[in-house]
Amino acid sequence: MDPTLSLLMANMAGVTRSSLVLDPFVGTGSLLLACAHYGAYTVGTDINKVLLHGRGRSSRAKKTWRGRDENVRANFIQYNMEDKYLDVLVADASKHNLWAMEGLFDAVVTDPPYGIREQTLKLEAPAPDSRKPYFMPPTSQYNLSDVFTDLLALCSRCLTLGGKLVFWLPIFRPDYHEENIPSHPCFKLVSNCEQILSTFIARRLITLQKVREPSSLKEDDWVGITNRDHYSESFRDRYFQISDQLNRVDLCEDSTGSTKPATGSTKPVTGSTKPATGSTKRATGVGSNLGNSVSSYSETTLNSSVT
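Below is a short write-up of the structure.

Examining the packing of aromatic side chains
Throughout the structure, instances matching the rule amount to 3 aromatic pairs. Relative to Tyr85, the ring of Phe76 has its centre 5.4 Å away and its plane inclined at 50 degrees; by these criteria the two rings are tilted. You can call Phe76 buried: its relative accessible area is 0%. Measuring from centroid to centroid gives 5.6 Å for Phe148 and Phe167, while their planes differ by 35 degrees, and the two rings are tilted. In this pair, Phe148 sits in helix α5 (residues 144-158) while Phe167 sits in strand β7 (residues 159-172), placing the two residues 19 residues apart along the sequence. For Lys84, the ring lying beneath its charged end belongs to Tyr41, and the centroid distance is 4.4 Å. Taking the ring centre of Trp168 as reference, the NZ or CZ of Arg203 above it sits at 4.3 Å.

A closer look at the side chain of Thr207
You can see Thr207 is positioned in strand β9 (residues 201-210). Here the side chain of Thr207 touches Ser191 through a polar contact of 3.1 Å, side chain to side chain. Other than its neighbours up to four places away in sequence, Thr207 contacts Met12, Lys164, Leu165, Val166, Lys188, Leu189, Val190 and Ser191.

A look at the packing of helix α1 (residues 3-12) against helix α2 (residues 30-37)
Running from N to C, α1 and α2 cross one another at 60 degrees; their axes reach a closest spacing of 8 Å. One finds that α1 runs oblique with respect to α2. Crossing of α1 against α2: the hand is right-handed. Counted together, Ser6, Leu7, Met9 and Ala10 of α1 and Ser30, Leu31, Ala34, Cys35 and His37 of α2 form the full contact between these two elements. When grouped by side-chain class, the residues that make up the contact of α1 with α2 number 6 nonpolar, 3 polar and no charged.

Digging into α1
Among the residues of α1, those classed as buried are Leu5, Ser6, Met9 and Ala10. Along the axis of α1, the buried residues cluster in a sector spanning 145 degrees; they form a single face. Exposed and oriented more than 90 degrees from the buried face of α1 are Pro3 and Thr4. Looking at the packing, one finds that the buried side of α1 touches α2, β4 (105-110), β7, β8 (187-196) and β9. The N-cap residue of α1 is Asp2: its side-chain oxygen and the backbone nitrogen of Thr4 are 3.0 Å apart. Immediately beyond the C-terminal end of α1, within one or two residues, lies Gly14, with a positive phi of roughly 70 degrees.

Concerning the nonpolar core
Counting 60 residues, the largest nonpolar core has Val15, Val21, Phe76, Leu165, Phe167 and Leu169 as the members making the most contacts within it. Beyond its immediate stretch of four places on either side in the chain, Val15 contacts Ala10, Val21, Cys35, Tyr38, Ala40 and Ala107.

Regarding the pairing of strand β2 (residues 41-46)
Taken across its 6 residues, β2 has 5 buried, putting it largely inside the fold. Bridge count for strand β1 (residues 20-23) against β2 is 4 bridges, and the pairing is parallel. When the sheet's bridge partners are listed, Leu22 is paired in β2 with Val43. Once the chain exits β1 it traverses α2 before rejoining the sheet at β2, and the crossover so formed is right-handed. The sheet contact formed by β2 and strand β3 (residues 85-90) spans 5 bridges and is parallel.

Remarks on the pattern of salt bridges
Scanning the model with the defined rule gives 6 salt bridges in all. With a closest N to O distance of 2.9 Å, Glu82 and Arg73 form a salt bridge. Residue Arg73 is classed as partly exposed on the basis of its relative accessible area, which comes to 44%. Arg203 is the partner of Asp111 in a salt bridge, and the nearest nitrogen-oxygen pair spans 3.8 Å. Of the two residues, Asp111 sits in the loop between β4 and β5 (121-123) while Arg203 sits in strand β9, which places them 92 residues apart along the sequence.

What to know about the sheet that holds β9
Taken in spatial order, the 7 strands make up an open sheet running β3-β2-β1-β4-β7-β9-β8, and their pairing is mixed. Of all the strands in the sheet, the pair left with one neighbour each is β3 and β8. When strand polarity is set aside, the average angle formed by the axes of neighbouring strands in this sheet is 15 degrees. Both β7 and β9 contribute to a ladder of 9 bridges, which runs antiparallel.

Focus on unusual backbone geometry
Phi is positive for Ser18, which is not a glycine, with a value near 75 degrees. By secondary structure assignment, the location of Ser18 is in the loop between α1 and β1. Its identity is not glycine, yet Asn80 carries a phi of approximately 55 degrees, on the positive side. Secondary-structure assignment places Asn80 in the loop between α4 (72-78) and β3. Overall, the relative accessible area of 71% leaves Asn80 in the exposed class.

What counts and what doesn't
Residues numbered from 1 in each chain as written. Predicted model: local features only at pLDDT ≥ 70, side-chain atom pairs only at ≥ 80, totals over all residues. Heavy atoms only, no water. Phe/Tyr/Trp six-rings, centres within 6.5 Å; stacked < 30°, edge-to-face > 60°. Buried < 20%, exposed > 50% of the residue type's maximum accessible area, 1.4 Å probe, protein only. Helix = DSSP H or I, 4+ residues; strand = E, 2+ residues; numbered from the N terminus. Lys NZ or Arg CZ within 6 Å of the ring centre and 35° of its normal. Polar contact = N/O pair within 3.5 Å; in protein donor to acceptor, adjacent residues only side chain to side chain. Contact = heavy atoms within 4.5 Å. Axes fitted to C-alpha atoms, helices over the stretch in contact; angles between N-to-C directions. Parallel < 35°, antiparallel > 145°, perpendicular 65-115°, else oblique. Left-handed = near helix turned anticlockwise from the far one by under 90°. Nonpolar A, V, L, I, M, F, W, Y, C, P; charged D, E, K, R; others polar. Arc of directions from axis to C-beta. Core = buried A, V, L, I, M, F, W, Y, C linked by side-chain atoms within 4.5 Å. Pairing = 2+ DSSP bridges. Right-handed = clockwise from strand over helix to strand, strands pointing away. Salt bridge = Lys/Arg side-chain N within 4 Å of Asp/Glu carboxyl O.

Laid out in structure tokens, this is it:
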């Protein structure tokens, strides 16, 4: 996540000194670093065990495998904020009762995966005889709408009353409607800001505030809802479909010669080079007039081009 956007999200969440902040899709921890910058204590979870423990292939150039300095904790050490790092856990954010204690966190700041670079995954229930040390249950993909409704259900339990949830919601701009924003009886919408990424694709920074406890609801109402599903089609498939269409349009424009310069516009420029040639000859003879000659050449070329 871009550092400026990370700090913006921390501000939207109202993070202050001694706040306890959770990122359920922590990744490399960039959002938690921004919260720690304001003095918050941070906790993260992620389904990717390899990423959290700094194992697997490195993202650095000319390096094959990750080193000891390529994990979330190492990032906090690098910025001298290790005292604000509490821990990161391998966990599935789709489990609503993940945290035994309700109202534990003051804010949740996160950026769930969109399914483009990182897959949207959740854990499948392991077989009873598979609960062994270092055993990782199999994962399965699920709809992006469910990612956000599960996120709201999780935060309705783990956030304190008045705490804020801040997250990014990817959208297709032509089809976007306010009803696409996931909702929950325990939350009210505080802000909705758009970041335009391209002509057709954007993402919205959503800020929700917890206004009631889930204990006052029926169990069926604990899960968040989406009044109008924005991801009836796979977001990943549609994203690349739009990208392919735009690339084809660019190729068609190139094949029609739209990139060629206008034929008529080159003639005045050609004529403007003649005075410039003469001015350089005069400058060769008199060194003191070199600056004036270059200035007259620039003015001539500019005037001819504008004409």
